[in-house]
Amino acid sequence: MKTTVSVIKADIGSIAGHVTVPDELKEFASRKMAEYVETGLINSFYVTNAGDDLQLIFTHNRGVDNPEIHEMAWKVFSEATEKVSKRLKLYAAGQDLLKDAFSGNIKGMGPGVAEIEFEERKSDPIAVFMADKTEPGAWNIYLYKIFGDPFNTAGLVIDPRMHDGFVFRVLDVVEGLEADLSLPEDTYDLLAIIGTQSRYVIKEVRRKSDGEIAAAASTTRLSLIAGRYVGKDDPVLIVRAQSGFPAMGEILEAFSKPYLVAGWMRGSHYGPLMPVPLRYSKVTRFDGPPRVIGLGFQVTDGRLIGPVDLFDDPAFDRVREWASDVTEYIRLHGPFMPHRLGPEEMEYTTLPQVLKKLEGRWEKAD
Ligand code: F6R
Ligand code: MG
Ligand code: MG
């Protein structure tokens, strides 16, 4: 029987502003998830938070995009909003629940979703990455490093099971189109596309030799659903590790550099993505800097064993310091580009309202 790992997340309210998810909300969600284990809908779960986003990580046997599973997640978020977020007057209670009623698939309704289904190997390690204050395209550079760059992933060169390369499925979030690019032969074409992270998003990666799923990411762009700014999408990513996939250490190696991502304060700024342990899964300085947490699990007989807090290690201190240095530097620019996003992406923020007020001040130039 195949096992499905689902990660479904939403910002349904946070404490002290957009800082973090209070324990009451996580405890409520955990109690609900435990009830669904009792009924047999899901097999196991882990509830946590990435900054102000509530994260439901769980296993089941119903495959990806299953309506009952998505409805369960929708119910957990809606009930938690009604019974906890609103009662405690949490900040932005229910923010990511953009639709009134569930309609078959939680994608397109606000919450972010990443799911993979596979036949369990003799031993099946996975990593789940969850970011706050950024967008799905933020994973592009990390996924390229993990599955396409031999300077990051030694196995691409050394391990015959990975040597054929990987196939990247890229989604154009504006046109709603997708394309498969096969590495190494399509490397330059892939890079030509995924360098535009705001539009092109890597949705999944498969091993070329047998089509086996290697990674899946959430692709929700809240602003494109709502047509206005409703907080950043704060993406999630599941990656399979070892035995013909990149080693866990190769996957984590990609996070040793603080790449600039779009999001941060008011979803309007570039900033470095800082890998942090769970205890630092909150956003502070300038509502950031954008952060990522990483949890490692074994998937065993359909259940999650773990987690391991992957960035809770001095080996990542240097990248955190580096991210702080970058923060210091890029913040110097205040409201100027390239710290602030370009005009195209600012369309979905509150800036156009300010610009509209200024319309009457413009006169024909001499
Ligand atoms: C970014 C984010 C925050 C808010 C900021 C202003 O995704 O959620 O940076 O944009 O704190 O929030 P409001 O407008 O609610 O005061
Ligand atoms: Mg928020
Ligand atoms: Mg968030």
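For the structure itself, consult the block above.
In short, a report on the structure. (Residues numbered from 1 in each chain as written. Chains lettered and ligands numbered in written order. Predicted model: local features only at pLDDT ≥ 70, side-chain atom pairs only at ≥ 80, totals over all residues. Heavy atoms only, no water.)

Relative to the assigned elements, glutamate 71 resides in helix H2 (residues 67–85). Exposure remark for glutamate 71: the relative accessible area of 32% places this residue in the partly exposed category. Note: C-alpha distance between glutamate 71 and serine 256 (185 residues apart in sequence) is 37 Å. (Helix = DSSP H or I, 4+ residues; strand = E, 2+ residues; numbered from the N terminus. Buried < 20%, exposed > 50% of the residue type's maximum accessible area, 1.4 Å probe, protein only.)

Here H2 spans 25 Å end to end across 19 residues, near enough to the 27 Å set by a 1.5 Å rise per residue. Its buried side turned inward, H2 meets strand E1 (3–10), helix H1 (23–38), strand E3 (53–60) and strand E4 (112–118). Its side-chain oxygen 3.0 Å from the backbone nitrogen of glutamate 68, asparagine 66 forms the N-cap of H2. (Expected span 1.5 Å × (residues − 1). Contact = heavy atoms within 4.5 Å. Polar contact = N/O pair within 3.5 Å; in protein donor to acceptor, adjacent residues only side chain to side chain.)

Around the magnesium ion (ligand 3), the protein supplies Asp52 (OD), Asp53 (OD), Asp132 (OD) and Asp234 (OD) as donor atoms, at distances of 2.0 to 2.1 Å. Sequence spacing of the donors to the magnesium ion (ligand 3): D-D-x78-D-x101-D. The metal-metal distance between the magnesium ion (ligand 3) and the magnesium ion (ligand 2) is 4.2 Å, with aspartate 52 coordinating both. Placement of aspartate 53 in strand E3 and of aspartate 132 in strand E5 (residues 125–132) is noted, with a sequence separation of 79 residues between them. Judged by relative accessible area, which is 1%, aspartate 132 ranks as buried. (Donors = N, O, S within 2.8 Å, 3.2 Å for Na, K, Ca; no water.)

Another aspect to go through is the sheet that holds E4. Pairing between the strands of a sheet is mediated by backbone hydrogen bonds and can be parallel or antiparallel. In space, the four strands of this open sheet follow the order E2-E3-E1-E4, with antiparallel pairing throughout. Either end of the sheet is taken by a strand with one partner, and the two such strands are strand E2 (44–50) and E4. Averaged over all pairs of adjacent strands, the angle between strand axes in this sheet comes to 10°, irrespective of strand direction. Here E2 runs beside E3; their pairing, made up of seven bridges, is antiparallel. Within the sheet, the bridge partner assigned to serine 44 lies in E3 and is threonine 59. Sheet contacts for H1: E2 and E3; angle to E2, the most-contacted strand, approximately 160°. Across the sheet, H2 is in contact with E1, E3 and E4; its angle to E3 comes to roughly 150°. (Pairing = 2+ DSSP bridges. Axes fitted to C-alpha atoms, helices over the stretch in contact; angles between N-to-C directions.)

What follows covers the pairing of strand E9 (residues 213–217). Within E9, five of the five residues are buried, which leaves the element mostly enclosed by the surrounding structure. Bridge count between strand E8 (residues 200–207) and E9: three bridges; the pairing is antiparallel. Following the sheet pairing, valine 205 is matched in E9 by alanine 215. If you look at the hairpin formed by E8 and E9, you'll find five residues sitting between the two strands, and glycine 211 has a positive phi there, around 75°. Alignment of E9 against strand E10 (residues 236–240), held across three bridges, turns out to be antiparallel. Its bridge partner lying in E10, alanine 216 is registered against isoleucine 238.

For the magnesium ion (ligand 2), the protein coordination sphere consists of Asp11 (OD), His18 (ND1) and Asp52 (OD), at 2.1 to 2.4 Å. Donor residues for the magnesium ion (ligand 2) sit on one chain with the sequence pattern D-x6-H-x33-D.

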